[in-house]
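Given next are the chains, with one letter for each unit.
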Amino acid sequence: MQTFLTDIDGTLTMEYSVNCSGGLQPFEFLCDWVAESLQCPAGEAEKRIRAAGDPETTCWFRLLERLNVPEGPLWNFFCEYYRPRLSIPEDTVEMLSFLKERNKRVYTATTNSRKITLVKLSLGGLADTDGSPWISGFFGGDSFDPALGKFAPDFFQNILKAGGFDPAQTVMLGNEMEHDARPALNAGIACAVLIDRTQTRDFYRDGKIIHVRNYRALRENLPELF
Ligand SMILES: [Mg+2]
């Protein structure tokens, strides 16, 4: 296989189920930061944000760029926001290094925007604000129109077309049957790997769907995939 598409949440990251509901919420921070930068009240800042794009579907870093507001504080906010909420497991780091050593191309296929993906990967030392040496490209929630990411029915078809990928040489890494494995296979992608770090069995296969407990088990049990 040449191309590895990967989901982010629950696939490259592991999410903690701790209660983190306190503290400033991201949209409040965004409004406050725009208000401070543009020296206007928070209500006015929110109006300007919404005039720059729909915050539900537009990457907020792009909105800041359109408003001429520096993005550094939003990056730092998100790093602190996600730090108690998720981690990058060791087998993710090993897997991405392994794929890079073998010159495989890894692209994200996620509803996360490129920047939010970078924030999350940066928590494991895998990225910074400029990019990630382990990731060749990013297909995020706002990559195609409509900006629905994985919730768009033709998301994987669009990725294959945009990347010029041969579906027979493409694998999807994910953690959800409904949003990762099934739509990828429906688009003609050769196989899907579903990771569940809580499952008891290391590895089992169900046709084109490969279930693993971690990426070590994938490499050990299916070396021909690489
Ligand atoms: Mg996921």
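Below or above, wherever it landed, is the structure these notes cover. (Residues numbered from 1 in each chain as written. Predicted model: local features only at pLDDT ≥ 70, side-chain atom pairs only at ≥ 80, totals over all residues. Heavy atoms only, no water.)

**A word on the state of the cysteines**
So, step 1. The full count for this structure, using the stated rule, is zero disulfides.
So, step 2. C40 carries a free sulfur, and the closest cysteine sulfur to it, the one in C31, is 9.5 Å from it.
So, step 3. A relative accessible area of 14% places C40 in the buried class.
So, step 4. A disulfide-free cysteine, C79 has its sulfur positioned 13 Å from the sulfur of C59, the nearest such atom. (Disulfide = S-S within 2.5 Å. Buried < 20%, exposed > 50% of the residue type's maximum accessible area, 1.4 Å probe, protein only.)

**Quick word on the environment of A45**
So, step 1. Topologically, A45 is positioned in helix α2 (residues 42-52).
So, step 2. A C-alpha to C-alpha distance of 43 Å links A45 and A192, two positions 147 residues apart in sequence. (Helix = DSSP H or I, 4+ residues; strand = E, 2+ residues; numbered from the N terminus.)

**Quick notes on the environment of N76**
So, step 1. Along the chain, N76 turns up in helix α4 (residues 72-82).
So, step 2. Exposure remark for N76: the relative accessible area of 48% places this residue in the partly exposed category.
So, step 3. Residues N76 and R62, spaced 14 residues apart in sequence, show a C-alpha to C-alpha distance of 16 Å.

**Here we look at the coordination of the magnesium ion**
So, step 1. Listed as protein donors to the magnesium ion are D7 (OD), D9 (O) and N175 (OD1); their distances from the metal cover 2.1 to 2.3 Å.
So, step 2. In the primary structure, the donors to the magnesium ion are separated according to the pattern D-x1-D-x165-N. Separated by 168 residues along the polypeptide, D7 in the loop between β1 (3-6) and β2 (14-15) and N175 in the loop between β6 (170-174) and α8 (177-186) bring together distant segments of the chain.
So, step 3. Judged by relative accessible area, D7 falls into the buried class, the value being 3%.
So, step 4. You can call N175 partly exposed: its relative accessible area is 28%. (Donors = N, O, S within 2.8 Å, 3.2 Å for Na, K, Ca; no water.)

**Observations concerning the pattern of salt bridges**
So, step 1. Here the structure, examined in full by the defined rule, presents 13 salt bridges.
So, step 2. We note a salt bridge from E101 to R102, for which the minimum N-O separation is 3.8 Å.
So, step 3. Of the residues examined, E101 reaches a relative accessible area of 60% and is grouped as exposed.
So, step 4. Using a relative accessible area of 40% as the deciding quantity, one classes R102 as partly exposed.
So, step 5. The shortest N-O distance in the salt bridge between D180 and K150 comes to 2.7 Å. Linking D180 in helix α8 with K150 in the loop between β5 (137-139) and α7 (155-163), this pair joins segments that are 30 residues apart in sequence. A single burial state applies to D180 and to K150, both of which are buried.
So, step 6. Members of the salt-bridge network, linked through shared partners, are D7, K150 and D180. (Salt bridge = Lys/Arg side-chain N within 4 Å of Asp/Glu carboxyl O.)

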